[in-house]
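Architecture and fold: a report
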Amino acid sequence: NLPFESDMSYSIFISRKSAQSTEEASGYIVQDNLTAPASGKAKIRFTNQVTDAPSVDVKMKGGAAIFSNRAFPYMSDFISVDPAVSYTLEIHETGNSAVKIELPAFNLEANKIYTLYINGLWDGTGGNDALAAHVITNK
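Nothing here was measured: the structure is a model prediction, and the numbers come from that model. Sequence order sets the numbering: in each chain, residues are counted from 1 along the sequence as written. In keeping with the predicted nature of the model, local features appear solely for residues at pLDDT of at least 70, side-chain atom pairs appear and are counted solely at 80 or more, and the whole-chain, interface and lining totals rest on all residues. Heavy atoms throughout the structure, all of them, feed into the side-chain values; hydrogens and water do not.

The subject of this paragraph is the sheet that holds strand β8 (residues 84-93). At least two bridges found by DSSP between two strands are what make those strands a pair. We count a stretch as a helix when DSSP gives it H or I for four or more residues in a row; a strand needs E for two or more, and each element gets its number in order from the N terminus. Read across the sheet, four strands follow the order β5-β4-β8-β9 without closing on themselves; strand pairing throughout is antiparallel. The open sheet has two edge strands with one neighbour each: β5 (65-70) and β9 (99-108). This sheet shows a mean twist of 15° between the axes of neighbouring strands, independent of strand direction. Inspection of the sheet shows strand β4 (residues 56-60) paired to β8 by five bridges, in the antiparallel sense. To get an axis, a line is fitted to the C-alpha atoms, and for a helix only the part in contact is used. The angle between two axes follows their N-to-C directions and goes from 0 to 180 degrees.

What follows deals with unusual backbone geometry. Look at the link from Phe72 to Pro73: it is a cis peptide, with omega at -15°. Structurally, the position occupied by Pro73 is in the loop between β5 and β6 (74-75). With phi around 55°, Asn69 is a residue other than glycine that occupies positive phi space. The residue Asn69 is located in strand β5 in this model. Positive phi is not limited to glycine here, since Asn111 has a value of about 70°. Looking at the secondary structure, you find Asn111 in the loop between β9 and β10 (113-119).

What follows concerns the pattern of salt bridges. Counted as salt bridges are all cases of a side-chain nitrogen of Lys or Arg within 4 Å of a carboxyl oxygen of Asp or Glu. Scanning the entire structure with this criterion turns up five salt bridges. Where Asp82 meets Lys41, a salt bridge forms, and the shortest distance between an N and an O atom there is 2.4 Å. Remark: Lys41 occurs in the loop between β2 (25-32) and β3 (42-48) and Asp82 occurs in the loop between β7 (79-81) and β8; sequence separation between them is 41 residues. Overall, Lys41 belongs to the partly exposed group, its relative accessible area being 27%. Between Lys61 and Glu102 there is a salt bridge, and its shortest N-O distance comes to 3.6 Å. With Lys61 in the loop between β4 and β5 and Glu102 in strand β9, this residue pair connects regions lying 41 residues apart in the sequence. Burial here depends on accessible area, computed with a 1.4 Å probe over protein chains only, as a share of the maximum for the residue type. Under 20% is buried, over 50% is exposed, and the range in between is partly exposed.

What follows is about the layout of surface pockets. For each structure, a 1 Å grid was placed over the protein atoms alone; sets of points admitting a 1.4 Å probe that cannot get out are labelled cavities, open sets with protein on both sides within 12 Å along at least five of seven lines are labelled pockets, and lining residues have an atom within 4 Å of a point. Grid points are joined across faces, edges and corners, and a volume is the space filled by probe spheres set on the points. Of the pockets and cavities examined, the largest pocket occupies roughly 240 Å³. Those elements giving two or more residues to the lining of the largest pocket turn out to be β1 (9-16) and β10. For the lining of the largest pocket, the leading source of residues is β1, giving four residues.

Aromatic ring pairs: the centre-centre distance and the angle between the two ring planes describe each pair. Between 30 and 60 degrees the pair is tilted, below 30 it is stacked and above 60 it is edge-to-face, where a pair is any two Phe, Tyr or Trp rings, Trp via its six-membered ring, whose centres lie within 6.5 Å. Summed over the entire model, instances satisfying the criterion amount to four aromatic pairs. The rings of Phe46, Phe67 and Tyr74 are connected pair by pair, giving a single aromatic cluster.

The subject of this paragraph is the pairing of β3. The buried fraction of β3 is high, at seven of seven residues. Residues of β3 alternate between two faces, with Ala42, Ile44, Phe46 and Asn48 on one and Lys43, Arg45 and Thr47 on the opposite face, all of them buried. Two strands pair when backbone bridges link them, and β3 and β7 are joined in this way by three bridges, in the antiparallel orientation. The residue bridging Ala42 from the neighbouring strand is Val81, located in β7. Relative to β10, β3 runs parallel, the two sharing six bridges. Bridge pairing in β10 places Arg45 opposite Thr115. In terms of strand pairing, β3 meets β6 through two bridges, oriented antiparallel.

Structure (structure tokens):
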């Protein structure tokens with residue numbers, strides 16, 4: 001039995017329990033706060049679903065971190081951001097200036113809500129093991 005309430009929104013995240021395990025999984029359920037962004041703004045949150053990753057920072061390309069020092073399993077609250085035609089986000093190991101993975105440029109539209117997540121393995125090289133970053137439009 002899952003603890004869902006009527007008229008609420010939820011996200012479910014499932015990840016390998018460890019980098020060595022392909023059969024065991026862990027997961028969690030998050031009740032989503034999908035209240036509308038402030039007028040003319042967008043909202044975004046971040047979740048680290050990479051079990052063997054160190055703590056990571058999510059930065060605007062060439063800019064400041066918008067999420068800092070986030071280890072697995074981590075789910076941020078939604079934050080308000082300015083919409084933009086083209087956002088490019090980078091994932092860095094906390095304290096390291098080298099870009100581990102860059103999310104292809106994407107649009108953040110005003111009045112929409114997004115989830116950014118990373119999955120795979122930190123040093124994965126292909127298939128389901130490859131480190132990847134994705135954006136979901138929640139609303």
